[in-house]
Amino acid sequence: MQDLIEKYKLQPHPEGGYFREVFRSDMTLASPAANQKRNAVTHIYYLLVAGQVSRFHKVVHDEIWNFYQGSPVKLLKYDTQTLEQDIIGPGCDDFVCIVKGGFFQAAEPTGEYSLVGCTVAPGFDFADFSFLKDHLELAAVFQTTYPDLAKYL
């Protein structure tokens, strides 16, 4: 996977895996969810390799995952009440997955690696990002309800 990391100039991501922002719109707009101005849209390349997971996190805006290459990627979506799973990529029903703003999300490759693109609109800002583990009560409920998914915390 080192060849993909070098080719796309990817860096380690705080949630796990590797990424590089490839687009940030010059246009800005008011975001009611963030209560601030945000770029209209952002897009990143995101790579997960076998043994890595994207830990449960949320952003305040909708995120679109697009599959590019490798093995299918498993996505988990948690709205604090229900947990859903989608798998996108070759041999699956879809190559795209939508995660609604405010939902916690986690992911992992189903094989050697998964290269995807993630688009956030209004655009991503780390000020709008949080890990499930940092919401102590929610994390405790999640861990009790889904003990087999602890690796995603």
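Structure report, in brief. (Residues numbered from 1 in each chain as written. Predicted model: local features only at pLDDT ≥ 70, side-chain atom pairs only at ≥ 80, totals over all residues. Heavy atoms only, no water.)

**Thoughts on the overall build of the protein**
Counting its regular elements, the protein contains two helices and 13 strands. Along the three orthogonal principal directions, the C-alpha set of the protein runs to about 40 × 40 × 30 Å. Partitioning the intrachain contacts of the protein with sequence separation of at least 6 by distance along the chain shows that 71% fall at a separation of at least 24. As displayed, the protein offers around 7,900 Å² of accessible surface, 52% of which is attributable to carbon and sulfur atoms. Here the protein carries 13 positive and 19 negative side-chain charges, and the mean point of each set is 5 Å from the other. (Helix = DSSP H or I, 4+ residues; strand = E, 2+ residues; numbered from the N terminus. Contact = heavy atoms within 4.5 Å. Areas by Shrake-Rupley, 256 points an atom, 1.4 Å probe, with all protein chains shown as cover. Lys, Arg positive; Asp, Glu negative; His and termini not counted. Charge placed at Lys NZ, Arg CZ, Asp CG, Glu CD.)

**Quick notes on the nonpolar core**
The biggest cluster of nonpolar side chains holds 14 residues, and the ones touching the most others in it are Y46, W65, V73, L75, I88 and V116. Mapped by element, the contributors of at least two residues to this core are β5 (42-49), β7 (62-70), β8 (73-78), β10 (96-99) and β12 (113-121). When residues of this core are assigned to their parent elements, the largest contribution, three residues, is made by β5. Listed in part, the twelve residues of the second largest apolar core include L76, L132, L149 and L153. (Core = buried A, V, L, I, M, F, W, Y, C linked by side-chain atoms within 4.5 Å. Buried < 20%, exposed > 50% of the residue type's maximum accessible area, 1.4 Å probe, protein only.)

**Structural notes on the side chain of E15**
By the element assignment, E15 lies in the loop between β1 (11-12) and β2 (18-24). No salt bridge forms around the buried E15; measuring N to O, its nearest opposite-charge neighbour R55 is 8.0 Å away. Excluding residues that lie within four positions of it along the chain, E15 makes contacts with Y46, V53, S54, R55, H57, F129 and F131. (Salt bridge = Lys/Arg side-chain N within 4 Å of Asp/Glu carboxyl O.)

**A short note on a nonpolar patch on the surface**
Side chains of I64, V96 and I98 sit close together on the surface and give an oily, nonpolar patch of about 200 Å² of accessible area. Relative to the assigned elements, I98 resides in strand β10. Among the residues examined, I98 registers a relative accessible area of 41% and is labelled partly exposed. (Patch = residues over 30% accessible without salt bridge, like charges linked within 9 Å, V, L, I, M, F, W, Y side chains within 5 Å.)

**Here we look at the sheet that holds β2**
Here six strands make up an open sheet; going across it, the order is β1-β2-β5-β12-β7-β10 and the pairing antiparallel. What marks the edges here is a single partner per strand, and that holds for β1 and β10. Pairing of β7 with β10 involves four bridges; the strand directions are antiparallel. Its bridge partner lying in β10, W65 is registered against C97. (Pairing = 2+ DSSP bridges.)

**So, the pairing of β5**
Of all eight residues in β5, seven are buried; the element is thus mostly enclosed. Relative to β5, β2 runs antiparallel, the two sharing six bridges. By the bridge assignment, F23 is partnered in β5 with H43. For β5 and β12, the ladder comprises eight bridges, and the chain directions are antiparallel. Among the inter-strand pairings, Y45 is bridged to a residue of β12, identified as G117.

**What to know about the sheet that holds strand β6 (residues 54-59)**
Reading across the sheet, the five strands line up as β9-β8-β11-β6-β13 and stay open at both edges, with antiparallel pairing between neighbours. What marks the edges here is a single partner per strand, and that holds for β9 (83-88) and β13 (129-131). Ignoring which end each strand starts from, the neighbouring axes of this sheet average 30° apart. Across three bridges, β6 lies against β13 in antiparallel orientation. Within β13, the residue paired with V59 across the bridge is F129. (Axes fitted to C-alpha atoms, helices over the stretch in contact; angles between N-to-C directions.)

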